[in-house]
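Residue-level structure breakdown
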Amino acid sequence: MFTLRDKYAIAGIGETAYTKNSGTTVLNLAVEACQKAADDAGVPVEEIDGIVSYNFGDSVPAIGVATALGIPNAGYAVDFAGGGNAANLITLTAAAAIEAGLAKSVLCFRAMNGRSGFRLGGGREFQARGITQYTAPFGWITYPQAMAMWCRRHMIEYGTTAEQLGSVAVTFRENASLNERAMQRERITMDDYMASRFIVEPFRMLDICLESDGACAVLVTKAEHARDLKHKPVYIMGGAYGGGPNQGEDLFDAIRWPDHSQNYAAYIADDLWRSAGVGPSDVDVAEIYDCFTYSVIMQLEGFGFCKPGEGGPFVASGAIKRDGSLPLNTHGGLLSEAYIHGLNHVLEAVRQLRGDAGPRQIADAEIALTTAGAMTCGSAMVLRA
Amino acid sequence: MNDFSKPVPVADSDSAPFWEGCRAHRLMIQRCGSCKTPRFPPMRTCPKCHSTETEWFKASGRGTVYSWIVVQHPVPREVYGQDVPYVVALIDLEEGVRMVSNVIGLDPHAIIGNMPVEVTFEEGQGGVVLPKFKPREA
Ligand SMILES: [Zn+2]
């Protein structure tokens, strides 16, 4: 269990514009976001000695970014192999690295030309080796296809409906309409959702997140250091990473996963809340990993905001709207703001807790949850003002 | 679904008996030689008892549909454009393992959860034979 409650903080955040075609390299995007995060904190780059990221073979190594930024000695420069599952993991390990004396200030970034460059799910290898020999030859290749399989199982077990999925898409787009950085700001109705074409049943186009070029970064320091910096620190209360046994041989593989109606969240929730010392009812605002509408439902159940099977009615009840009991994805999420693999959720949570979210601000937001991951493996953090 | 340009499974030291079985129209599943727990996909070490003794047996081919999707948008289009809509399913074999396959021989929208299915083999180019599933009487 993460045992560093309130000892570490996010002291700075930075990001690039989110676009369909950045017109520049992933390295440049990473450097821009990292520089902005350092500037936001008021920490000279020369004082930063750690840098960590995650990628799918679609980004640049942490040492490359350290070099381009002019970090004199990056003693903790680490790249995790991972997707959305790792967005909170990198921040938690940054705190752990500082605690262990490996670094003092750590930049955590995710950078990608996810639309103009390497498109996830654009097809896998022609020769299906390893775990893909059991999946790709049957035409099971893309992430929407993978997640749709999970969603169908939830429908079989609990009667989850298209309208319930649609309420997630409609709500997040409404939030994005208040966010000048969001790639999709035009509001949609339930009719628009139902009319959007099927990509892979049960998923329509509007169930599936955006593809984006862009980068996000946060700077993690000791809390006492953060208190001397430019902004009010956002404290890391708790966090957890994992997903129990049988996570599979890669992020796509879930053949041995016992119950596709629940994902990693059900396995890490206890650790998460115990580490933070609070529970679901204490959360003022949550940024939930929404690579697909359905992944939100599974995580709400897993993290204990509602019981298994009740996620569909919960999201359709209006509880997840800005004025509901649990405002979700106030920036529009991966579905409507941008797909920076979940690190943009952390930035939004920091803004909400600083009171800097402008027209999107949730009044008196003091505790935020950020989650990352949709299938067998993921990470989550509880942050506080 | 037999176009040569589709992903071709490449057998390895663990999976060779599975793909050889498919070529002979036999659905071969691995089990632990010690605790006898069946496992799929095959691998050398039993996650349950850590034995490296392995055996293969011919599965009944009977199972049920654990979950399924209907692919409408082909990715990549050049490869799957002619196949959509097609069904990919997680099949629970009665021996207690789950595998990925296609359900064929019915309207995709006639599929229901936990529907009984049985294996059938589809030959492709390049000597590849894939185990697929079709509806059966319960
Ligand atoms: Zn065994």
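Above: the structure in question.
So, how was this worked out
- Residues numbered from 1 in each chain as written.
- Chains lettered and ligands numbered in written order.
- Predicted model: local features only at pLDDT ≥ 70, side-chain atom pairs only at ≥ 80, totals over all residues.
- Heavy atoms only, no water.
- Contact = heavy atoms within 4.5 Å.
- Buried area = accessible area lost by both parts, 1.4 Å probe.
- Salt bridge = Lys/Arg side-chain N within 4 Å of Asp/Glu carboxyl O.
- Polar contact = N/O pair within 3.5 Å; in protein donor to acceptor, adjacent residues only side chain to side chain.
- Helix = DSSP H or I, 4+ residues; strand = E, 2+ residues; numbered from the N terminus.
- Nonpolar A, V, L, I, M, F, W, Y, C, P; charged D, E, K, R; others polar.
- Pairing = 2+ DSSP bridges.
- Core = buried A, V, L, I, M, F, W, Y, C linked by side-chain atoms within 4.5 Å.
- Buried < 20%, exposed > 50% of the residue type's maximum accessible area, 1.4 Å probe, protein only.
- Phe/Tyr/Trp six-rings, centres within 6.5 Å; stacked < 30°, edge-to-face > 60°.
- Lys NZ or Arg CZ within 6 Å of the ring centre and 35° of its normal.

For the rest of this paragraph, the subject is the interface of chain A and chain B. Every contact between the two is made by 39 residues of chain A and, on the other side, 42 residues of chain B. Roughly 3300 Å² of surface becomes buried between chain A and chain B when both sides are summed, with 61% attributable to carbon and sulfur atoms. Linking chain A with chain B are zero salt bridges, by the criterion used here. Taken together, the connections running from chain A to chain B amount to 20 residue pairs in polar contact (both at pLDDT 80 or more). Elements supplying a minimum of two residues to the side of chain A that touches chain B: β5 (127-128), α4 (143-158) and β6 (198-201) of chain A. Sort the elements by how many residues they give to the side of chain A that touches chain B and α4(A) lands first, with seven residues. Taken together, the residues that form the side of chain A that touches chain B break down as 18 nonpolar, 12 polar and nine charged. Of the pairings in the sheet, the one linking β5(A) to strand β1 (residues 8-9) of chain B comprises two bridges and is parallel in character.

Time to look at the nonpolar core. Residues and elements named next belong to chain A. Grouped together as the largest cluster of nonpolar side chains are 150 residues, with contacts concentrated most on Phe203, Trp273, Leu300, Phe303 and Leu369. At eight residues, α4 tops the list of elements feeding residues into this core. Residue contacts for phenylalanine 303: discarding those within four places in its chain leaves Tyr264, Ala265, Ile268, Ala269, Leu272, Trp273, Pro280, Thr371 and Ala380.

All right, on to the packing of aromatic side chains then. Residues and elements named next belong to chain A. Under the defined criterion, the tally for this structure stands at 14 aromatic pairs over all chains. Ring-pair connections join several aromatic residues into one group, and the members of that group are Phe56, Trp140, Tyr143 and Phe252. Looking at arginine 384, its charged tip hangs above the ring of tyrosine 235, at a distance of 4.4 Å from the centre.

With 10 of 10 residues buried, helix α9 (residues 293-302) of chain A lies mostly within the body of the structure. Taken as a whole, α9(A) has its buried residues at A:Thr293, A:Tyr294, A:Ser295, A:Val296, A:Ile297, A:Met298, A:Gln299, A:Leu300, A:Glu301 and A:Gly302.

In this section: the pairing of strand β12 (residues 378-384) of chain A. All names here are of chain A. For β12, the tally of buried residues reaches six of seven residues, placing the bulk of the element in the interior. In terms of strand pairing, strand β9 (residues 234-242) meets β12 through seven bridges, oriented antiparallel. Each bridged residue has a counterpart across the sheet, and for glycine 239 the counterpart in β12 is methionine 381. Pairing of strand β11 (residues 367-372) with β12, which is carried by six bridges, proceeds in the antiparallel orientation. Bridge pairing in β12 places threonine 370 opposite methionine 381. Between the end of β11 and the start of β12, which pair antiparallel, lie five residues, with glycine 373 showing a positive phi angle near 120°.

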